[in-house]
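Coordinate inspection notes
Each chain, letter by letter, is given below.
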Amino acid sequence: MLKITIGQYYPVQSPIHRLDARMKLLCTIIFITVLFFIGNFLGYAFAAVFLAGMIKLSKVPPKYLIRGLRAIIFIIFFTAFLNIFFTAGGDVIFSWGPIQITQQGLVNALRMAVRLVMLIIGSSMLTLTTTPIQLTEAIEFGLSPFKKIGVPAHEIAMMLTIALRFIPTLMEEMDKIMKAQMARGADFDTGGLFKKAKSLVPLLVPLFISSFRRADELALAMEARCYRGDVGRTRMKQMKMRFSDYQALAVMGLFFATILGIERLAGLWGVW
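Attention in this report is confined to the structure presented alongside it. (Residues numbered from 1 in each chain as written. Predicted model: local features only at pLDDT ≥ 70, side-chain atom pairs only at ≥ 80, totals over all residues. Heavy atoms only, no water.)

**Considerations on the overall build of the chain**
- Within the chain, the secondary structure is distributed over 10 helices and 2 strands.
- Along the chain, from the amino end to the carboxyl end, the secondary structure elements read α-α-α-α-β-β-α-α-α-α-α-α.
- Looking at the chain as a whole, 34% of its 272 residues qualify as buried.
- For the chain, the share of sequence-separated contacts (at least 6 apart) that also reach a separation of at least 24 residues comes to 74%.
- Total accessible area on the chain stands at roughly 17,000 Å², and carbon and sulfur atoms take up 69% of it. (Helix = DSSP H or I, 4+ residues; strand = E, 2+ residues; numbered from the N terminus. Buried < 20%, exposed > 50% of the residue type's maximum accessible area, 1.4 Å probe, protein only. Contact = heavy atoms within 4.5 Å. Areas by Shrake-Rupley, 256 points an atom, 1.4 Å probe, with all protein chains shown as cover.)

Next up, the structure:
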């Protein structure tokens, strides 16, 4: 659980870290959107090479990102399982009664697994290279047009950022609780599914209590500092776009155009 990378910040000097948070948020949205346009493995291969280049440029250790996938490995396998057994089409590879594994099911399962892995790594790159304050300001800027219709952009951005920031904190708290329960003789590894689910109750109750206590402490700290939301709020550091930010946007535009070209060629060649 301590291997979750979403919500953590990796402090290092790199060209990706120096980009404006608004541009990084926009580029991340473009990258995630492009992933849902890809329909063949040539596109996924190019996207993987592009993502690897961004990781190299950010100076974030690749092992650090790969370790973060362990927390969602169950979701990846479960999604792949559903695609394998519930997707019809293509040649039947295995059949046993009502259960069938088709060629299209295997292809869809592999596509979905690759898509989820790159989506998680791409999202983690945003939080690993952006401080929580910068991320809050970027989200608030993106939601600012909706203020005209009464949407509390600042409050929404603050809540999203606090939620991201507290993911690793809560996981660390859960790890401490688990070790304390194991020292008292608790067993979380043996038994069937229902027994394992029942054994989680001694973990979830203290975790919820700790979460509410942290939320109350955070609220008191913000109130003690006279926090009043977006009313009359000023910033010590103003966000400013630089030439490197527009270069990053141009690179993402080129990446999008290349993916569309690969999809076009793959359709003409009949490539998966």
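**Comments concerning the side chain of Arg115**
- Looking at the secondary structure, you find Arg115 in helix H5 (residues 103-128).
- Despite its burial, Arg115 pairs with no opposite charge; the closest candidate is Glu263, at 8.2 Å N-O.
- Arg115 has contacts with Leu35, Phe36, Ile38 and Tyr44, leaving out every residue within four places of it along the chain. (Lys, Arg positive; Asp, Glu negative; His and termini not counted. Salt bridge = Lys/Arg side-chain N within 4 Å of Asp/Glu carboxyl O.)

**Let's talk about the side chain of Glu173**
- Along the chain, Glu173 falls in helix H7 (residues 153-183).
- According to the relative accessible area criterion, Glu173 is buried, its value standing at 15%.
- In this structure Glu173 touches Leu207, Ser210 and Arg214, once residues within four positions along its chain are discounted.

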